[in-house]
Amino acid sequence: MGVLTMGVFPSLVGSGTLDFSFKLAEAAMAKGHTVNLWLSGNAVMMAKKGQRAFKDYSHLEKKMMELIGKGMETTVCEACAEARGYHKEDTPPGMKRASMDWYLAKTFKSDRVLHIGGE
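Residues numbered from 1 in each chain as written. Predicted model: local features only at pLDDT ≥ 70, side-chain atom pairs only at ≥ 80, totals over all residues. Heavy atoms only, no water.

Undergrad: Any chance you could explain the packing of aromatic side chains here in plain terms?
TA: When we look at a pair of aromatic rings, we describe it by the centre distance and by the angle of the planes. For the coordinates displayed, the defined rule picks out three aromatic pairs. Taking 5.8 Å as the distance between ring centres and 20° as the angle between the ring planes, the aromatic pair formed by Trp38 and Trp102 counts as stacked. Residue Trp38 is located in strand S2 (residues 34-39), and its partner Trp102 is located in helix H4 (residues 100-108); the two are separated by 64 residues in the primary sequence. No difference in accessibility class separates Trp38 from Trp102, as the two residues are buried. An aromatic cluster is present here, built from Phe9, Trp38, Trp102 and Tyr103 joined pairwise through their rings. (Phe/Tyr/Trp six-rings, centres within 6.5 Å; stacked < 30°, edge-to-face > 60°. Helix = DSSP H or I, 4+ residues; strand = E, 2+ residues; numbered from the N terminus. Buried < 20%, exposed > 50% of the residue type's maximum accessible area, 1.4 Å probe, protein only.)

Undergrad: Is there a simple way to think about the side chain of Thr91 in this case?
TA: Looking at where Thr91 falls in the secondary structure, it is placed in the loop between helix H3 (78-83) and strand S4 (96-98). You can call Thr91 buried: its relative accessible area is 10%. A distance of 3.1 Å separates a polar side-chain atom of Thr91 from the backbone oxygen of Lys88. Among the polar contacts listed, one links the side chain of Thr91 to the side chain of Arg97, at a separation of 3.5 Å. Filtering out sequence-adjacent residues up to four positions away, Thr91 remains in contact with Ala47, Lys49 and Arg97. (Polar contact = N/O pair within 3.5 Å; in protein donor to acceptor, adjacent residues only side chain to side chain. Contact = heavy atoms within 4.5 Å.)

Undergrad: So what exactly am I meant to see when it comes to the sheet that holds strand S5 (residues 112-117) here?
TA: Across a sheet, paired strands are connected by hydrogen bonds in the backbone, their directions being either parallel or antiparallel. The strand order across the open sheet built from five strands is S4-S3-S2-S1-S5, with neighbouring strands paired in parallel fashion. Looking at the sheet topology across the chains shown, the edges are occupied by S4 and S5. Across the sheet, the mean angle separating the axes of adjacent strands is 25° when strand polarity is ignored. Here S2 runs beside strand S3 (residues 73-77); their pairing, made up of four bridges, is parallel. In the strand pairing of S3, Trp38 is matched with Thr75. (Pairing = 2+ DSSP bridges. Axes fitted to C-alpha atoms, helices over the stretch in contact; angles between N-to-C directions.)

Undergrad: What am I meant to see in helix H1 (residues 17-30) here?
TA: Under the 1.5 Å per step criterion, the end-to-end length of H1 is 20 Å for 14 residues, consistent within 8% with the ideal 20 Å. Within H1, burial applies to Thr17, Leu18, Ser21, Phe22, Ala25, Ala28 and Met29. Down the axis, H1 shows its buried residues gathered within 130° of arc, on one side only. In this structure, H1 carries Lys23 and Ala30 as exposed residues pointing more than 90 degrees from its buried face. Close packing links the buried residues of H1 with strand S1 (3-9), S2, helix H2 (61-69) and S5. Gly32, located one to two residues past H1, shows a positive phi value of around 95°. (Expected span 1.5 Å × (residues − 1). Arc of directions from axis to C-beta.)

Undergrad: Would you take a moment to explain the packing of H1 against H2 for this structure?
TA: Think of two packed helices as two axes; the pair is described by the angle between the axes and how far apart they sit. Running from amino to carboxyl end, H1 crosses H2 at an angle of 25°, the nearest separation of the two axes being 11 Å. Accordingly, the angle class assigned to the pair H1 and H2 is roughly parallel. As H1 packs across H2, the resulting crossing turns out to be left-handed. In this structure, H1 contributes Phe22, Ala25, Glu26 and Met29 to the contact, and H2 contributes Lys63, Met64, Glu66 and Leu67. Of the residues that constitute the contact of H1 with H2, the class distribution is five nonpolar, no polar and three charged. (Parallel < 35°, antiparallel > 145°, perpendicular 65-115°, else oblique. Left-handed = near helix turned anticlockwise from the far one by under 90°. Nonpolar A, V, L, I, M, F, W, Y, C, P; charged D, E, K, R; others polar.)

In short, the description is geometric, and any link to function would need to be established separately.
As structure tokens, then:
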């Protein structure tokens, strides 16, 4: 099986980028692939544990924790998280924090790379 690395860079409002990325990661893992997920820009909202789920709002913490438990390596851009007030102690268990170097290193070791979102 292959290694898939996804960089997720959603827009500020009205983006399905995160939802799509988690669905794609889940499907790839179900087929036996290794998945690395880099969360940058507004995707760093996932770096805040204990968020409250509301009806009609996308809530991905449970899905993310499930996929991390199955082996998905999930790393958040430390600079993006800090800029938005998400500190190390806010980070969910199993999620890593790193600089863009992590993402770049993973892309070179992957069979496929997807850059999802961004302007």
